[in-house]
Amino acid sequence: MSLLEVRDLSVAFPGVQAVKGISFDVPVRGSVALVGESGSGKSVTALSIMGLLPKESATVRGQVLYRGQPGQAARVRGSEIAMIFQEPMSSLNPVFPVAFQIGEVLSKHLGLLGRALRERIAALLEEVGLPAARADAYPFQLSGGQQQRVMIAMAIACEPKLLIADEPTTALDVTVQRQILDLIAGLRSRHEMAMLFITHDLGLVSEIADQVIVMRDGEIREQGATAQIFATPKDAYTRALLACRPPIGRRPSRLPVIDDFLGGGGPPSGERSRGLRGDEPTVLEARGLAKSFYLREGLLRKRELPAVKGASFRIAKGRTLGVVGESGSGKTTLAWLLTRLHPASAGEVRFDGADLLKVDARSAMPYKRRIQIVFQNPYASLNPRFTIGQILAEPMLIHGIGADGAERRSRALNLLAKVGLPAQALDKYPHEFSGGQRQRIAIARALTLTPELLILDESVSALDVSVQAQLLNLLQDLQDEYGMSYLFISHDLAVVRYMSDEVIVMKDGEIVEAGAADELFARPRHPYTQTLLASIPGRAQ
Amino acid sequence: MREQGVWGLAWQRFRGDRLGFASLLVVLAYVAIMLGTASGWLARDWSEERALSYAPPTFIGPDTAAAVSPVAEKRGAPDDYGIPDPLAPDLAEIAKTLSGAAGTKARAATLALGADKWGRDVLKKTVKGAEVSLFVGLAAAALATLLGTLFGALAGYHGRWIDDFFNWVYSVFTSIPYLLLVLAVAAVVQQKGVLTVILILGLTGWTGIFRLVRAEYMKHKVREYVLAADAIGASPARRMFVHILPNVSHVVLVQLSLHVVLFIKSEVILTFLGFGVGVETVSWGSMLAEAGTELLLGKWWQITAATVAMAALVTAFSLFTDAMRDALDPRLQ
């Protein structure tokens, strides 16, 4: 008998059928991965198993059997079934120390008190690899990885038989993700827990799950043993999902997208060569670029927080310089310095003979036009009160491009077509578009100024892999057409490898390694680069 | 089909709120009355003395006691002493004027909502009073919102010493007791009138709006769409007023609406205390001020008319504000 049996589960919200009659099992001590893109219904499935969906809006049909008993799963949640979430910061109460919060679980479910409680907390913290000295820390004093360790400690506090993990490592850096995955795997074998692991990342699945369930639009497209799904996927969608991640070893001329598989066309062929010939002119060169932020401490003292420490690099015309690094490495600050969104503390940025950091705000305008940036979050970077037409016309208006409104409008229409959006989009508002479409609009906005250098600051990181593949293809096409240089910033090593001719690796504000993309990924020299590469999930595949 | 922007969606939600929509109609009716009296279509002759002093409302019927023994006849009695009163004709004239018999036209014994001490129509006074009260409320709220938004935008967006400066001004204004501040402004302006009341309320009432708008600007200035505007070369002023302002306008609008209600009430209080509009014009505040002595005589209709008119407007405006706040709530979008 399976530990958890889901039978014909359907979940409907007003106007949306989120889950459409799915059935699967989680065996005792088994590990099942639920994989799907956003909107596939995977998180809703997990919440309905726990009985955590809002009763007033969700209509749940079908059965969830725990140890063969219906309705039991919701009754034993917190004790026999535990859950960990994506955002540890928002799951912890910010005003209590972490030991107190772990203790709360223990005293509520196990009735532990006093010394027994303290010992159990210490044991748990040790088990999840958190130093005992951090027990009295508040959540904000811990890093993201440490917070997730606390959440895991709370989840396993009552020795659950089933752990439901909803994207537990998505918000974490790749090296931290590696540690957390190892931790979960170790705990699972020690405590003989079953696990339902929910993720959008097929790469992770191959490492942690025996069985995979692929979901799309609330339906199960395919389920089976992990090895079989990866080796011989039967469903076209599963094949597409596996193919549209940029591979580490090769560089196809175009990434396959879902339509290639569902439409029956098959994946594109041909390889793209990247790398510099050596005779490309330099479009931008930074020397000793530095930025420090200051934290006011008391009345007179300031604490210096260096974000970028003396970065030097050059970007070749028509080529892509990739920047990889984990959170806090200074990647985004670097982008802001080059676009003058923040003033630099030291160094120089040579662009077309001028030092960008020396010119005043008025004479910087022509340079602003030639260096554009696309931000990470397409939901935040478009003004919600502007129509797409206004968003695209504004840069042209500011820089005096196009004689009148009609001409600007026709230019905007042209660019919309270039990024693959219909002309009707012009009179709509950002909230009417999906994340991928919004990022296309943001790219079109940057293109209105025909920049020579386009900075892409994690521009595809927030998107589903299939949408990501489409956008990466679009960016390659645009680079071929306009001959733009890219500064491609990402924490995703595979994507950076795929897009870049050259790569720099940043750590704590410093460039630790730089070189041609293929060479750097094949033979990393710096230990940090080696750690990063070894942490990429599913590398063995 | 034209695409619906945030305003279109907000309007749709607002129309779905029946109570809010009805309140809007009431408010619009008051605004129509205000425009009517301001242009002279309505209640132009509010100051005409057309009824007996304290003529009661029609539904009560004429005051029989007052009709039988008019003041002028009582005053005829001194003849008993046999001494001719040299002031008698003058006194009789004054008495006639006071009792309302001096007019060329015959005076009405009752009016729809009664009359005041001078025989002026309470209904017309109430209608005319709506003009001053509502206009003061709207204009003062507009002034306070303008100041609060402008200061809040500058302080919140620029930060540093500009923020420090406006915070200092804010602290000074909020640390002085409100009534004292009002008295101080009134003393400086040294002139009674509608404009003065608007200035007093507007100059003292911007602080709450300032604090809210400042916080909104601090929140929005680090949003990516503002960074994006910076990246395409938009000037600070453009970022502040073209990009951010539409995104905080729901806060500003709700504050504007709340302050209209607040200032209508404040005008009444100021006028009641004698710092408001002068005697040459009428507002609900001056009606309440007059009613203070009338109540002792049992003449309750003037105070009732002014109070009911004000309560209806304030309630409708508050409900309208609530509905607007719900409709504009960005979390619902």
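Criteria and thresholds
Residues numbered from 1 in each chain as written. Chains lettered and ligands numbered in written order. Predicted model: local features only at pLDDT ≥ 70, side-chain atom pairs only at ≥ 80, totals over all residues. Helix = DSSP H or I, 4+ residues; strand = E, 2+ residues; numbered from the N terminus. Buried ≥ 20, exposed ≤ 12 C-beta atoms within 10 Å, placed from the backbone. Contact = placed C-beta atoms within 7 Å. Rg over C-alpha atoms; globule rule 2.2 N^0.38 Å. Nonpolar A, V, L, I, M, F, W, Y, C, P; charged D, E, K, R; others polar. Pairing = 2+ DSSP bridges. Axes fitted to C-alpha atoms, helices over the stretch in contact; angles between N-to-C directions. Core = buried A, V, L, I, M, F, W, Y, C linked by C-beta atoms within 7 Å. Parallel < 35°, antiparallel > 145°, perpendicular 65-115°, else oblique. pLDDT = per-residue confidence, 0-100. Left-handed = near helix turned anticlockwise from the far one by under 90°.

Some points on the overall build of chain B
1) Next: Tallying secondary structure elements over chain B gives 14 helices and zero strands in all.
2) Next: When burial is assessed residue by residue, chain B has 40% of its 333 residues classed as buried.
3) Next: Restricting the contact set of chain B to residue pairs at least 6 apart, pairs at least 24 apart contribute 76%.

Considering the overall build of chain A
1) Next: Helices and strands together make up the secondary structure of chain A, namely 20 helices and 20 strands.
2) Next: Against the compact-globule benchmark of 24 Å for 541 residues, chain A has a radius of gyration of 25 Å, which places it among compact chains.
3) Next: When each of the 541 residues of chain A is scored for burial, the buried share is 44%.

Digging into the interface of chain B and chain A
1) Next: Listed as interface residues are 17 residues of chain B and, on the opposing side, 24 residues of chain A.
2) Next: Secondary-structure elements contributing two or more residues to the side of chain B that touches chain A are α11 (224-231) and α12 (236-273) of chain B.
3) Next: Among the elements that take part in the side of chain B that touches chain A, α11(B) stands out by supplying six residues, more than any other.
4) Next: Each residue belonging to the side of chain B that touches chain A can be placed in one class, and the counts come to eight nonpolar, five polar and four charged.

Digging into the pairing of strand β20 (residues 510-516) of chain A
Residue and element names in this part refer to chain A.
1) Next: As paired strands, strand β19 (residues 502-507) and β20 are joined by six bridges and run antiparallel to one another. Within the sheet, the bridge partner assigned to lysine 507 lies in β20 and is glutamate 510.
2) Next: Counted along the chain from β19 to the antiparallel partner β20, the turn is two residues long, and its residue aspartate 508 has a positive phi close to 50°.

Concerning the sheet that holds strand β8 (residues 194-199) of chain A
All names here are of chain A.
1) Next: Read from one edge to the other, the open sheet built from six strands follows the order β6-β7-β8-β3-β9-β10, with strand pairing classed as mixed. Each of the sheet's edge strands pairs with one partner strand only, and the pair in question is β6 (81-84) and β10 (219-225). The sheet shows a mean angle of 15° between the axes of neighbouring strands, taken without regard to direction.
2) Next: Pairing analysis gives five bridges linking strand β7 (residues 162-166) to β8, with the strands arranged parallel. What sits directly across from alanine 165, in β8, is phenylalanine 197.
3) Next: Most of the contacts of helix α1 (residues 42-50) go to β7, to which it runs at about 145°, and overall it touches β3 (31-35), β6, β7, β8 and β9 (211-216).
4) Next: Contacts from helix α6 (residues 144-156) reach β6 and β7, with the element oriented near 170° to β6.

Notes on the nonpolar core
1) Next: Of all hydrophobic cores here, the largest spans 226 residues; its most connected members are Ala33(A), Ile102(A), Ala153(A), Leu162(A), Leu196(A) and Leu487(A).
2) Next: Sort the elements by how many residues they give to this core and helix α6 (residues 122-158) of chain B lands first, with 15 residues.
3) Next: With residues near it in sequence (within four places) discarded, Ala153(A) still touches Ile102(A), Leu124(A), Leu125(A) and Val128(A).

Remarks on the packing of α12(B) against helix α14 (residues 301-328) of chain B
All names here are of chain B.
1) Next: Axis separation between α12 and α14 bottoms out at 9 Å; the angle between their running directions is 170°. The pairing of α12 with α14 is recorded here as roughly antiparallel in orientation. Residue-level contacts link His250, Leu253, Val254, Ser257, Leu258, Val260, Val261, Ile264, Lys265 and Val268 of α12 to Met310, Leu313, Val314, Phe317, Ser318, Phe320, Thr321, Met324, Arg325 and Leu328 of α14.
2) Next: Split into classes, the residues belonging to the contact of α12 with α14 amount to 14 nonpolar, four polar and two charged.

Overview of the environment of Met310(B)
1) Next: Mapped onto the fold, Met310(B) is located in helix α14.
2) Next: Separated by 26 residues in the primary sequence, Met310(B) and Trp284(B) place their C-alpha atoms 7.4 Å from one another.

A look at helix α9 (residues 194-204) of chain B
Since one α-helical turn is 3.6 residues long, residues separated by three or four positions face the same way.
1) Next: Taken residue by residue, α9(B) has Thr196(B), Val197(B), Ile198(B), Ile200(B), Leu201(B), Gly202(B) and Thr204(B) as its buried positions.
2) Next: Those residues of α9(B) that are buried are in contact with α6, α7 (160-175), α8 (178-189) and α12 of chain B.

Some thoughts on the confidence of the model for chain B
All names here are of chain B.
1) Next: Summarising the model, chain B shows a mean pLDDT of 77, and 80% of its residues fall at 70 or more.
2) Next: When mean pLDDT is taken per element in chain B, helix α10 (residues 207-220) scores highest with 91 and helix α4 (residues 71-74) scores lowest with 45.
3) Next: Here the predicted complex scores 0.76 on pTM and 0.74 on ipTM.

Brief notes about unusual backbone geometry
1) Next: A positive phi angle is found at Glu458(A), which is not glycine, with a value near 50°.
2) Next: Tracing the backbone through its elements, the reader meets Glu458(A) in the loop between β17 (453-457) and α17 (465-482).
3) Next: Residues other than glycine seldom take positive phi values, yet Arg160(B) does so here, at roughly 45°.
4) Next: Tracing the chain through its elements places Arg160(B) in helix α7.

Side note on the packing of α6(B) against α10(B)
Residue and element names in this part refer to chain B.
1) Next: Between α6 and α10, the least distance of the axes is 7 Å, while the angle of their chain directions is 35°. Crossing angle aside, the handedness with which α6 passes α10 is right-handed. Together, Ala144, Thr145, Gly148, Thr149, Phe151, Gly152, Ala153, Ala155, Gly156 and Tyr157 of α6 and Ile209, Phe210, Val213, Arg214, Ala215, Glu216, Tyr217 and Met218 of α10 make up the contact between the two elements.
2) Next: Looking at side-chain class alone, the contact of α6 with α10 contains 11 nonpolar, five polar and two charged residues.

Here's the deal with α11(B)
1) Next: The element α11(B) is extensively covered by neighbouring structure, given that eight of its eight residues are classed as buried.
2) Next: Where α11(B) is concerned, the buried positions are Glu224(B), Tyr225(B), Val226(B), Leu227(B), Ala228(B), Ala229(B), Asp230(B) and Ala231(B).
3) Next: Turning to α11(B), the residues buried within the fold contact β16 (371-374) of chain A together with α10 and α12 of chain B.
4) Next: Remark: Gly233(B) follows α11(B) within two positions and exhibits a positive phi of approximately 100°.

A word on the sheet that holds β17(A)
Pairing between the strands of a sheet is mediated by backbone hydrogen bonds and can be parallel or antiparallel.
Residue and element names in this part refer to chain A.
1) Next: Strand order in the open sheet formed by six strands is β16-β17-β18-β13-β19-β20, and the pairing between neighbours is mixed. On the outer flanks of this sheet lie β16 and β20, each paired with one strand and no other. On average, each strand axis in the sheet is tilted by 15° relative to the strand beside it, whichever way the strands run.
2) Next: Two elements, β16 and β17, share four bridges in a ladder whose sense is parallel.

Some points on the pairing of β10(A)
1) Next: Summarising the sheet, β9(A) and β10(A) pair through six bridges and their orientation is antiparallel. The partner of Ile213(A) across the bridge, within β10(A), is Gln223(A).

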